[in-house]
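Structure assessment
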Amino acid sequence: MQQSTDNPSVGDAAEPQAVTIITEVAPQAAESRPLQPANSATPAAACMSRKREVLLFDASLFPSLTAQLSAMKKYFEEPLSTSRRGERLAESTVATTERRILTFLGFAKLHAGASNPELRLVSDLVLVKRFFHYLENERQSSSGNQFVYCLSFLRAMRYLKSDSDTIKTVQQWCRTYQKAYERKDRSWQRLEAEGKWLAWDAVLEVLKQQRELYESSGPCELTRVQESQKYTVLLLYCSIPPARSKEYRELRVTFSRQNLATWDPVANAASNWLVVQNDHSRALLYLSAHKTSRKTGPNRIQLNSTDSTKVVLDQLVDFVCRDRDVLLRGNARPDTTDWLFLNSRGEPFGTSDSWTKYIQSIFKQLANVAISSNALRSSFVTDLLTSRNRPSDDLLAEVAFAMRHSSREQSRTYDQCRGHPEDRYQGRSLQDVLTQR
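Anyway, here's the lowdown on the structure attached to this text. (Residues numbered from 1 in each chain as written. Predicted model: local features only at pLDDT ≥ 70, side-chain atom pairs only at ≥ 80, totals over all residues. Heavy atoms only, no water.)

At their nearest, the axes of helix α5 (residues 143-160) and helix α6 (residues 164-183) sit 8 Å apart, and the two run at 160° to each other. Taken together, α5 and α6 sit at an angle that is classed as roughly antiparallel. The way α5 lies across α6 gives a crossing that is left-handed. Contact with α5, carried on its side by Ser143, Gly144, Gln146, Phe147, Cys150, Leu151, Leu154, Met157 and Arg158, involves Thr166, Ile167, Val170, Gln171, Trp173, Cys174, Tyr177, Gln178, Ala180 and Tyr181 of α6 and no other residues of that element. (Axes fitted to C-alpha atoms, helices over the stretch in contact; angles between N-to-C directions. Helix = DSSP H or I, 4+ residues; strand = E, 2+ residues; numbered from the N terminus. Parallel < 35°, antiparallel > 145°, perpendicular 65-115°, else oblique. Left-handed = near helix turned anticlockwise from the far one by under 90°. Contact = heavy atoms within 4.5 Å.)

Encoded structure:
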């Protein structure tokens, strides 16, 4: 990844740059190329690579814009609002909305001459249309990516109370991009050709390789601890239906003497916790800060030393009680020492992007495919639905609840192999499935 230093459009080089251009190598959009033949001599990654411009916009240089974004964030996140229609948005949704708007404002400043970008520019349809043309032709973004940008603009427009004709126009664009996205081939074969897919069996093989790396990490204490954390993360994703980025990234750890079946973090209700019994015989994953918490409520996942979750429990206890303290030595923030997973500075992974890059780096090293936690969710569900018989309704409901989804939403969102009537797990519980795998 290269950072551009030549940026005359932003202004004099002596002043802080509002827009930084990053040139990165990325997969080519699926709509613009065919699948590679299976016997092709050219690696798929080489055939699909392209350079694209990514705009990083620094809103802190514009105090009025910073205030506008802060007010919009409060508007969407506060539990009760007399001026807002509908329920509040998840923190992660607001964060991605803001990030997309900042990309748009970076475009407006760099390519459209907007000297003082403000939030109201999202209602300028001529400028927004130019931006979508830029996404499609310069960044070669997929229709799905353009669709989510449309949704972000709609949220900002509703906050700004833009006129109804403007909103209707963008809604029509949304529908157009959504239809194009739904017509796209989203099978696992296509994703594999794009370098965005790893079958669940291959995911489990990566887990095995990471365990071997951890167990053979040698005398260097820091290396052993880093490999231990990677193995712990993968073990959680592979032994429990894969979580979203936020749920494990924001896990905190505590110890308790009380019965874990009734444990409730009264003072920290909107947090995710790993609660370890003092004698290490049990642990509880308490997940209440997640995207669909208002619909599904908190998840309580029990880990016991007497059943098939013992492997996960033992590794978590080893990591928490022995390895994690080594990572904490570099932590200069006392208020974050109870976070379970830590970066190279001994601090929490601050953003979903940093966590995603961490997960991708593990798979890139061991499988040469940089996949995210969201891809792990798809791989798990697709593997479940592509066995010999159709899954039982009870099993689908159990998996959906564990992934904090309805059965319908789970299949619609994560099944990348629709139409394959298989399921070798008929009549088995979710725990039986995970134990066998």
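Of all six residues in strand β6 (residues 282-287), five are buried, a share of seventy percent or more. Counted between consecutive antiparallel strands, the loop separating strand β5 (residues 272-277) from β6 contains four residues, among which histidine 280 sits at a positive phi close to 65°. Bridge count for β6 against strand β7 (residues 299-304) is six bridges, and the pairing is antiparallel. Residue pairing for β7: leucine 284 is matched across the bridge by glutamine 302. (Buried < 20%, exposed > 50% of the residue type's maximum accessible area, 1.4 Å probe, protein only. Pairing = 2+ DSSP bridges.)

What follows concerns the sheet that holds β7. Spatially, four strands are ordered β4-β5-β6-β7 in an open sheet, and the strand pairing comes out mixed. Lying at the two open borders of the sheet, with one neighbouring strand each, are β4 (251-256) and β7. Between one strand and the next, the sheet's axes are offset by a mean angle of 20°, whatever the strand orientation. Of the pairings in the sheet, the one linking β4 to β5 comprises six bridges and is parallel in character.

Per the stated rule, a full pass over the model turns up 12 salt bridges. Among the ionic pairs, glutamate 250 bridges to arginine 249, the shortest N-O distance being 3.8 Å. On the accessibility criterion, glutamate 250 (16% relative accessible area) is buried. Aspartate 323 is the partner of arginine 322 in a salt bridge, and the nearest nitrogen-oxygen pair spans 2.9 Å. Assessed through its relative accessible area of 41%, arginine 322 is described here as partly exposed. The network of salt bridges with shared partners includes Arg224, Arg322 and Asp323. (Salt bridge = Lys/Arg side-chain N within 4 Å of Asp/Glu carboxyl O.)

This brings us to the packing of helix α8 (residues 200-215) against helix α9 (residues 221-239). Contact geometry of α8 with α9 gives a least axis separation of 9 Å together with a crossing angle of 155°. With respect to each other, α8 and α9 are oriented roughly antiparallel. In this structure, α8 meets α9 at a crossing whose hand is left-handed. Facing Trp200, Val203, Leu204, Val206, Leu207, Gln210, Arg211, Leu213 and Tyr214 of α8, the residues of α9 in contact are Arg224, Glu227, Ser228, Lys230, Tyr231, Leu234, Leu235, Tyr237 and Cys238.

Time to look at the side chain of lysine 109. Following the sequence through the fold, lysine 109 ends up in helix α3 (residues 91-111). Here lysine 109 falls in the buried class, since its relative accessible area comes to 11%. Looking at lysine 109, its side chain comes within polar contact range of the main-chain oxygen of serine 115, at 3.4 Å. (Polar contact = N/O pair within 3.5 Å; in protein donor to acceptor, adjacent residues only side chain to side chain.)

Quick look at the packing of aromatic side chains now. All told, the structure shown has 24 aromatic pairs when counted by the stated rule. With 5.4 Å between their ring centres and 65° between their planes, phenylalanine 131 and tyrosine 149 make a pair best called edge-to-face. Taken together, the residues span a long stretch of sequence, with phenylalanine 131 in helix α4 (residues 125-137) and tyrosine 149 in helix α5 at a distance of 18 residues. For phenylalanine 131, a relative accessible area of 0% gives the class buried. The class of tyrosine 149 is buried, set by a relative accessible area of 5%. Taken together, the aromatic side chains of Phe104, Phe107, Phe131, Phe132, Tyr134, Tyr149, Phe153, Trp173 and Tyr177 make up a single cluster linked through ring pairs. The ring of tryptophan 173 carries lysine 129 above its face, with NZ or CZ at 4.7 Å from the centroid. (Phe/Tyr/Trp six-rings, centres within 6.5 Å; stacked < 30°, edge-to-face > 60°. Lys NZ or Arg CZ within 6 Å of the ring centre and 35° of its normal.)

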